[in-house]
Amino acid sequence: MSESTIAAISTGPIAAGIAVIRISGEESIKIADRIFVSYKGKTVKSMQGYSCAYGYIKDEKEEKTDDVILTLFKAPNSYTGEDVVEISCHGGVYITKKILEIILSNGAKLALPGEFTKRAFLNNKMDLTKSEAVIDLINASSEKSARFAKNMYSGKLYQKIKVIINEISDLCSHLEAWADYPDEDIETINKEQLKDRLSDIENMLFELIKNYDNGKIIKDGINTTIIGKANVGKSTLMNWLAGFERSIVTDIPGTTRDTVEESIVIDDIRLNIADTAGIRDSEDVVEQIGVKRALEKLTQADLVLALFDHSLPLSKKDYDVIKSIKDIGNTPVIAIINKTDLNKELDCDFIENNFDKVVYISAQRETGFEDFKKALFSVFDLSFAENADFIMLNERQKQAVINSYRNVENAAETLEMDLTFDAVTVCLEEAVSELLELTGERVSDVIVDRIFSRFCVGK
């Protein structure tokens, strides 16, 4: 059995029209030849790369398992850089798993999560930023997040990082040559020129960091908590935004006893919404736990939707909700006055004096959505996304850029201290090293394994 040949189902684990099983490695063609019978009599070994054959897969008893299309990609012109065979079969769960079992019994081993893409990276088919873009393209939940992932996959971030690396490396080379060969005709670098170049590099790195902070909203969504006293309409609001009944709605206070979560996309912003238990006193132990979890969700939120009942005066529980929100600090809050289809009893002036953003809606009648959307977009400005080519995809990339930025800052401080240019060069070389780790040109096996462990099996 060859340890170098892997196989996995590359399509989802559900019944579908077709499924695809992928094999990659030096034994993939031999394994395919053992189990595939072409209706035209050709062997897999005799096929050209980027070609297909129609036939069937036979089991250990030489009996037909399923009609399939076999596609061959020969090294190095494949996704992984190795010989790759893809088998497209009928998408029944049993049939798909059966064919995978036949492949494994003939010498392949089951691929680990992300192992196909990991091999593509190790075989220099893609840099690490492009590899990471694969999982984000798969997980994209909106047009903008898909566009950024595609741009990343096409190499936009890598190209930007290479520009910065080349700028720093060019500066290092100049400093080293000037210091090591004083008698040669090398252009002199004065302190002010060097400060200007370091400042330019700092600005390029800072733009990447700022780009990440903005883009994280598009990529990961906004963790949003709906909070309010019992029976204020939180579940009705959740269902309205979701477009279907996600939370149970009754006139009985305390119906929502635990946190209900749903992802909702509004004009390319994903809200990861948690509908929490109503804030109220209760003898019910389960409901008490629900209230505790509601307050915990409040501290974890990127956005709070605070609900108040237009048809009732402010109660102690409303004041408790307001106090809980004030206690969490600077988290953005949109106060939503619900049930505006009923007579006004609420002190709306008090709400408007305590919250910057106030929206009037009737979740039951589904009115006020445009006002809510306007408030949402005023809190999270996504105008940058219209012109941006890419965003950094994860904390690993962001931290590498931050570390590089700090090293360039150190170089500037070293210069201000009137230390030698050698000391400046050391700081700049560390800055380059951090960026090379980002692209994967200088990265540890531990980091590589951690990155690809996030992938699904089969990709």
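Cut-offs used in this document
- Residues numbered from 1 in each chain as written.
- Predicted model: local features only at pLDDT ≥ 70, side-chain atom pairs only at ≥ 80, totals over all residues.
- Heavy atoms only, no water.
- Patch = residues over 30% accessible without salt bridge, like charges linked within 9 Å, V, L, I, M, F, W, Y side chains within 5 Å.
- Areas by Shrake-Rupley, 256 points an atom, 1.4 Å probe, with all protein chains shown as cover.
- Salt bridge = Lys/Arg side-chain N within 4 Å of Asp/Glu carboxyl O.
- Lys, Arg positive; Asp, Glu negative; His and termini not counted.
- Charge placed at Lys NZ, Arg CZ, Asp CG, Glu CD.
- Helix = DSSP H or I, 4+ residues; strand = E, 2+ residues; numbered from the N terminus.
- Buried < 20%, exposed > 50% of the residue type's maximum accessible area, 1.4 Å probe, protein only.
- Phe/Tyr/Trp six-rings, centres within 6.5 Å; stacked < 30°, edge-to-face > 60°.
- Pairing = 2+ DSSP bridges.
- Core = buried A, V, L, I, M, F, W, Y, C linked by side-chain atoms within 4.5 Å.
- Contact = heavy atoms within 4.5 Å.
- Axes fitted to C-alpha atoms, helices over the stretch in contact; angles between N-to-C directions.
- Polar contact = N/O pair within 3.5 Å; in protein donor to acceptor, adjacent residues only side chain to side chain.

(A) Seen up close, a negative patch on the surface. Judged by side-chain charge, Glu176, Asp422, Glu429 and Glu430 come together as a negatively charged surface patch. With three residues, the top contributor of residues to the negative patch is helix H14 (residues 421-439). Within the fold, Glu176 resides in helix H6 (residues 156-180).

(B) The pairing of strand E10 (residues 269-275), seen in detail. Counted residue by residue, E10 has seven buried out of seven residues, so it is predominantly covered. Of the two faces of E10, both are covered, the one formed by Ile269, Leu271, Ile273 and Asp275 as well as the one formed by Arg270, Asn272 and Ala274.

(C) The packing of aromatic side chains, seen in detail. In total, this model carries eight aromatic pairs according to the counting rule given. Summarising the aromatic geometry, the rings of Tyr319 and Phe350 are spaced 5.5 Å apart at their centres and angled 85 degrees between planes, so their arrangement reads as edge-to-face. Highlighted residues: Tyr319 in helix H10 (residues 316-327) and Phe350 in helix H11 (residues 348-354), separated in sequence by 31 residues. In this structure an aromatic cluster arises from ring pairing among Tyr39, Tyr54 and Tyr56.

(D) Spatial organisation of the pairing of strand E6 (residues 84-91). Most of E6 is tucked away, with six of its eight residues classed as buried. Relative to E6, strand E2 (residues 16-24) runs antiparallel, the two sharing eight bridges. Bridge pairing in E6 links Ile18 to His90. Sheet topology note: the strand E5 (residues 64-73)/E6 ladder contains five bridges and is antiparallel.

(E) Main features of the nonpolar core. Membership of the largest hydrophobic core comes to 36 residues, with the highest contact counts inside it found for Ile168, Val401 and Leu428. For this core, the secondary structure elements donating two or more residues are H6, helix H7 (191-220), helix H13 (395-416) and H14. Setting aside chain neighbours within four positions, we find Ile168 in contact with Ile201, Val408, Leu428, Ala431, Val432 and Leu435. Listed in part, the 26 residues of the second largest apolar core include Met238, Trp240, Leu303 and Val359.

(F) Main features of the sheet that holds E6. With mixed pairing, seven strands are arranged side by side in an open sheet as E3-E4-E5-E6-E2-E1-E7. The open sheet has two free edges, formed respectively by strand E3 (36-38) and strand E7 (109-110), since each of these has just one partner strand. Sheet analysis places strand E4 (residues 51-58) next to E5, joined by eight bridges and oriented antiparallel. Looking across to E5, one finds that Tyr56 is bridged to Asp67. Across the sheet, helix H2 (residues 93-105) lies against strand E1 (6-9), E2, E4, E5, E6 and E7, angled at about 150 degrees from E6, the strand it touches most.

(G) Region of interest: the side chain of Asp59. Looking at where Asp59 falls in the secondary structure, it is placed in the loop between E4 and E5. One buried charged residue, Asp59, forms no salt bridge at all, with the nearest opposite charge on Lys98 at 5.2 Å. There is a polar contact of 2.9 Å between the side chain of Asp59 and the backbone nitrogen of Lys61.

(H) Quick peek at a nonpolar patch on the surface. On the surface, Tyr39, Tyr54 and Ile69 cluster together into a nonpolar patch covering about 300 Å² of accessible area. Looking at where Tyr39 falls in the secondary structure, it is placed in the loop between E3 and E4.

(I) Examining the environment of Val304 more closely. Turning to its location among the elements, Val304 is positioned in strand E11 (residues 303-309). The class for Val304 is buried, based on a relative accessible area of 0%. Linking Val304 and Ile226, residues 78 residues apart in sequence, is a C-alpha distance of 6.1 Å. In this structure, Val304 is in contact with Thr225, Ile227, Leu298, Ile325, Ile328, Thr331, Pro332, Val333 and Ile334, ignoring residues within four places of it in sequence.

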